[in-house]
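Listed below are the residues making up each chain.
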Amino acid sequence: ALEIGHDLGAALLTARALERERGLVRQLQELDDYRSQLFATLSHELRTPLTVISGNLEIVGGLAIDDGAKVFLDAMGRGAERMQKVVDDLMLLARVTHPRHPLTRISVDLREVAEDVVTLLDSTAISKGLTLDVHLDDGPLLVLGDPAEIDQLLANLVSNAVKYTPSGGTVTLSVRRRDDDVEVRVADDGLGIAEEDQARIFRAFYRTENPEALSEPGTGLGLAIVATVVERHGGRVEVDSHLGQGSIFTVTLPGA
Ligand code: ADP
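If you're wondering where the values come from, they're calculated on a predicted model, not measured in any experiment.

### With respect to the packing of helix 4 (residues 147-163) against helix 6 (residues 222-232)
At a closest axis distance of 9 Å, the pairing of helix 4 and helix 6 adopts a crossing angle of 140°. As summarised for this structure, helix 4 and helix 6 are arranged oblique, according to the angle between their axes. Handedness of the helix 4/helix 6 crossing: left-handed. Between helix 4 and helix 6, the contacting residues are E149, Q152, L153, N156, L157 and N160 on the first element and G222, L223, I225, V226, V229, V230 and R232 on the second. Here the residues of the contact of helix 4 with helix 6 sort into 7 nonpolar, 4 polar and 2 charged.

Set out below in structure tokens:
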């Protein structure tokens, strides 16, 4: 009887611990839901007035006004543009982090995505005095997933490399097959990231305190989007970087 009592007691304790754990998981899920909802509502509410501001700025800019006033208008235009970028990134992050947002799973060729991203960023790289190199394995480089999300993933990594590499540097984008996976590697010989920052840069809104990096415009959301998209697609992302020498971001996605 003592034995049975003991077993029952232990079972009861386990049941209580499980119940507590379930409660915690539920609370975390609710928090996650709340955060996604907050991001979505905020970005949505900011979008409408921002469209009004940008639209009107454009109209006023088209009127015959003196050059002095144009300088202020241009500054306002740049401000609105930066805000637009924050809102767009926030909306995207809200969508991809939403716990019930389903993942589209269609065949995506990373060759095409890489080529599109390079076309998009090549002129920025050239005007900054950078070399943008591309290495793609022969044949299709297929993964299963959401084409828009994967596009954003590569664009964020390459645009960061371009942004945080001073003139004269080189950015290299490579896409290779590795066994059953496809590996995307974005390397630069730019500012680099201090060891203690390497885990934090994937958090939403985190920007390093490196003054050279901070002088570039940014929202601190790009890598949070990268990390979430990679996770949703069953992949992983790694960073290898040395301050003052450059960075390599490697994303591995399961091949289709
Ligand atoms: P953002 O670029 O908008 O600030 P991200 O989330 O894309 O936001 O990046 C977070 C931070 O990580 C950046 O502010 C920058 O300090 C650092 N970072 C990202 N990519 C690089 C890179 N290729 N080289 C150096 N620093 C980088």
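### What to know about the packing of aromatic side chains
Counted under the stated rule, the structure contains 2 aromatic pairs. Between F39 and F205, the ring centres sit 6.4 Å apart and the planes meet at 85°, which makes this aromatic pair edge-to-face. Taken together, the residues F39 in helix 1 (residues 2-62) and F205 in the loop between strand 5 (181-188) and helix 5 (211-214) connect sequence positions 166 residues apart. Relative to F249, the ring of F202 has its centre 6.4 Å away and its plane inclined at 75°; by these criteria the two rings are edge-to-face. Remark: F249 occurs in strand 7 (residues 246-254) and F202 occurs in the loop between strand 5 and helix 5; sequence separation between them is 47 residues. The class of F249 is buried, set by a relative accessible area of 8%.

### A short note on the site of the ligand
The environment of the ligand is formed by 20 residues, the closest being N160, Y164, R207, T219 and L223. Between the ligand and T208 there is a distance of 2.9 Å, counted from an oxygen atom to a side-chain nitrogen or oxygen. Within the complex, 97% of the 530 Å² of free accessible area of the ligand lies under protein. Here the ligand occupies the largest pocket. Broken down by secondary-structure element, the contributors of at least two residues to the shell around the ligand are helix 4, helix 6 and strand 7. The element best represented in the shell around the ligand is helix 4, accounting for 3 residues. Looking at side-chain class alone, the shell around the ligand contains 9 nonpolar, 8 polar and 3 charged residues.

So, how was this worked out
Residues numbered from 1 in each chain as written. Predicted model: local features only at pLDDT ≥ 70, side-chain atom pairs only at ≥ 80, totals over all residues. Heavy atoms only, no water. Axes fitted to C-alpha atoms, helices over the stretch in contact; angles between N-to-C directions. Helix = DSSP H or I, 4+ residues; strand = E, 2+ residues; numbered from the N terminus. Parallel < 35°, antiparallel > 145°, perpendicular 65-115°, else oblique. Left-handed = near helix turned anticlockwise from the far one by under 90°. Contact = heavy atoms within 4.5 Å. Nonpolar A, V, L, I, M, F, W, Y, C, P; charged D, E, K, R; others polar. Phe/Tyr/Trp six-rings, centres within 6.5 Å; stacked < 30°, edge-to-face > 60°. Buried < 20%, exposed > 50% of the residue type's maximum accessible area, 1.4 Å probe, protein only. Near = heavy atom within 4 Å. Polar contact = N/O pair within 3.5 Å; in protein donor to acceptor, adjacent residues only side chain to side chain. Areas by Shrake-Rupley, 256 points an atom, 1.4 Å probe, with all protein chains shown as cover. 1 Å grid on protein atoms, 1.4 Å probe; cavity = no way out; pocket = protein on both sides within 12 Å on 5 of 7 lines; lining within 4 Å. Sits in = over half its atoms within 2 Å of the grid points.

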